[in-house]
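Per-entry structural report
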Amino acid sequence: IFHNHGNYSRDTAMETEDIGTRYICKLPNATLACQGSRNMTFGRSNPTPMDFIHADRIAVAAWRNGLFADPEAVKPKRRAVVDSIIGRVREDLNVTFLDLPLECLSEEKLERLFQTSVIMSKEMMGEDGYYGVDAMKERFQRNVDQKKYCSVKIDAILADESWREFLKMADLT
């Protein structure tokens, strides 16, 4: 991961800047945009839609369990809470949500889900389905391997003392 905080010479900046930053910095009247582009963190993607879902589930469970110092102050700041949780996972812990304790569908439920998908595909697209059963199985297995049928194990997160302290002290400004 490349962190660029502005403490570099112009020569060093030119060696490490991506083409987008160089382009922005050459535009007229783009000083602030150039500075913002140079100060970006590279190598870390933006939060995914699933990151927001995992973080929201943690936030709602923490609120329901009274883990925030001021639960009433948290209610109107749900997005700030979610953003804070995403920041903790991705920046402070330097992991993804899929690196946290997970609960995934059982093998039995995965098989039922796949069989239901095959049936629905055949009903909608004909006997070979949209992809064909073998291709569907391959895509389904790829999703299993990528933990797409898993979610953060909320009980484990809320039982963790460091998470409890983080939630209690969360800065939501």
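Values in this document were obtained by computation on a predicted structure and should not be read as measured data.

As a further point, take the confidence of the model for the protein. Summing up the model confidence of the protein, the mean pLDDT is 83 and the portion of residues at 70 or higher is 82%. Counting interchain partners and residues more than four positions distant, the pLDDT-below-50 stretch residues 1-16 has 18 contacts.

To continue, consider the packing of helix H2 (residues 19-26) against helix H3 (residues 31-38). Helix-helix packing is described using two parameters, namely the angle between the two axes and the distance between the axes. Packing of H2 against H3 leaves a shortest axis separation of 8 Å and a crossing angle of 160 degrees. When the interaxial angle is binned, H2 and H3 end up roughly antiparallel. As for the relative orientation of H2 and H3, their crossing is left-handed in sense. The segment H2 lies against H3, with Thr-21, Ile-24 and Cys-25 engaging Ala-33, Cys-34, Ser-37 and Arg-38.

Relative to each other, helix H4 (residues 49-64) and helix H6 (residues 78-92) sit at 110 degrees, their axes nearing to 9 Å. Between H4 and H6, the angle is such that the two are roughly perpendicular. Here H4 and H6 pass one another in a crossing that is right-handed. Here Asp-51, Phe-52, Ala-55, Asp-56, Ile-58, Ala-59 and Val-60 of H4 come into contact with H6, specifically with Arg-78, Arg-79, Val-81, Val-82, Asp-83, Ile-85, Ile-86 and Arg-90. When the residues that make up the contact of H4 with H6 are grouped by side-chain class, the tally is 9 nonpolar, no polar and 6 charged.

Even without being a glycine, Asn-94 presents a positive backbone phi close to 55 degrees. The phi dihedral of Lys-147 is positive, around 60 degrees, even though this residue is not glycine. Note that Lys-147 resides in the loop between helix H8 (133-145) and strand S4 (150-152).

With 15 residues, H6 extends 20 Å from end C-alpha to end C-alpha; this agrees with the ideal 21 Å at 1.5 Å per step. All of the buried residues in H6 are Val-81, Val-82, Ser-84, Ile-85, Ile-86, Gly-87, Arg-88, Val-89 and Arg-90. In this structure, the buried residues of H6 make contact with H4, helix H5 (71-74) and helix H10 (161-169). Remark: Asn-94 follows H6 within two positions and exhibits a positive phi of approximately 55 degrees.

The bond known as a disulfide is covalent and runs between the sulfur atoms of two cysteines. What the rule picks out here adds up to 2 disulfides. Note that Cys-25 is cross-linked by a disulfide to Cys-34, the S-S spacing being 1.9 Å. Note on the Cys-25 and Cys-34 pair: the S-S dihedral is about 90 degrees, so by sign convention the disulfide is right-handed. Residue class for Cys-34 comes out buried when judged on its relative accessible area of 7%. Each disulfide pairs two cysteine sulfurs, and for Cys-104 the partner residue is Cys-150, the sulfurs being separated by 1.9 Å. Looking down the S-S bond of the Cys-104 and Cys-150 bridge, the torsion is 105 degrees, so its handedness is right-handed. Here Cys-104 is found in strand S3 (residues 102-104), whereas its partner Cys-150 is found in strand S4, with 46 residues between them in sequence. Assessed through its relative accessible area of 45%, Cys-104 is described here as partly exposed. Under the relative-accessibility criterion, Cys-150 is labelled buried at 10%.

Looking now at the packing of aromatic side chains. In the structure shown here, the tally under the stated rule is 3 aromatic pairs. Look at Phe-114 and Phe-140: their rings are 5.3 Å apart centre to centre, the planes differ by 55 degrees, and that puts the pair in the tilted class. A residue pair is termed long-range when its members are at least 10 positions apart, and Phe-114 in helix H7 (residues 107-125) and Phe-140 in helix H8 qualify at 26 residues. Summarising the burial analysis for this pair, Phe-114 and Phe-140 share the class buried. Look at Trp-163 and Phe-166: their rings are 5.7 Å apart centre to centre, the planes differ by 85 degrees, and that puts the pair in the edge-to-face class. Of this pair, Trp-163 and Phe-166 both sit in helix H10, 3 residues apart, roughly one helical turn. Taken as a pair, Trp-163 and Phe-166 share a single burial class, namely buried. Connected via pairs of aromatic rings, a cluster forms that spans Phe-114, Phe-140 and Tyr-149. Positioned above the aromatic ring of Trp-163, the side-chain terminus of Arg-88 is 4.5 Å from the ring centre. Here the basic side chain of Lys-137 rests over the ring of Phe-114, its NZ or CZ set 4.7 Å away from the ring centre.

Parameters and conventions
- Residues numbered from 1 in each chain as written.
- Predicted model: local features only at pLDDT ≥ 70, side-chain atom pairs only at ≥ 80, totals over all residues.
- Heavy atoms only, no water.
- pLDDT = per-residue confidence, 0-100.
- Contact = heavy atoms within 4.5 Å.
- Axes fitted to C-alpha atoms, helices over the stretch in contact; angles between N-to-C directions.
- Helix = DSSP H or I, 4+ residues; strand = E, 2+ residues; numbered from the N terminus.
- Parallel < 35°, antiparallel > 145°, perpendicular 65-115°, else oblique.
- Left-handed = near helix turned anticlockwise from the far one by under 90°.
- Nonpolar A, V, L, I, M, F, W, Y, C, P; charged D, E, K, R; others polar.
- Expected span 1.5 Å × (residues − 1).
- Buried < 20%, exposed > 50% of the residue type's maximum accessible area, 1.4 Å probe, protein only.
- Disulfide = S-S within 2.5 Å.
- Phe/Tyr/Trp six-rings, centres within 6.5 Å; stacked < 30°, edge-to-face > 60°.
- Lys NZ or Arg CZ within 6 Å of the ring centre and 35° of its normal.

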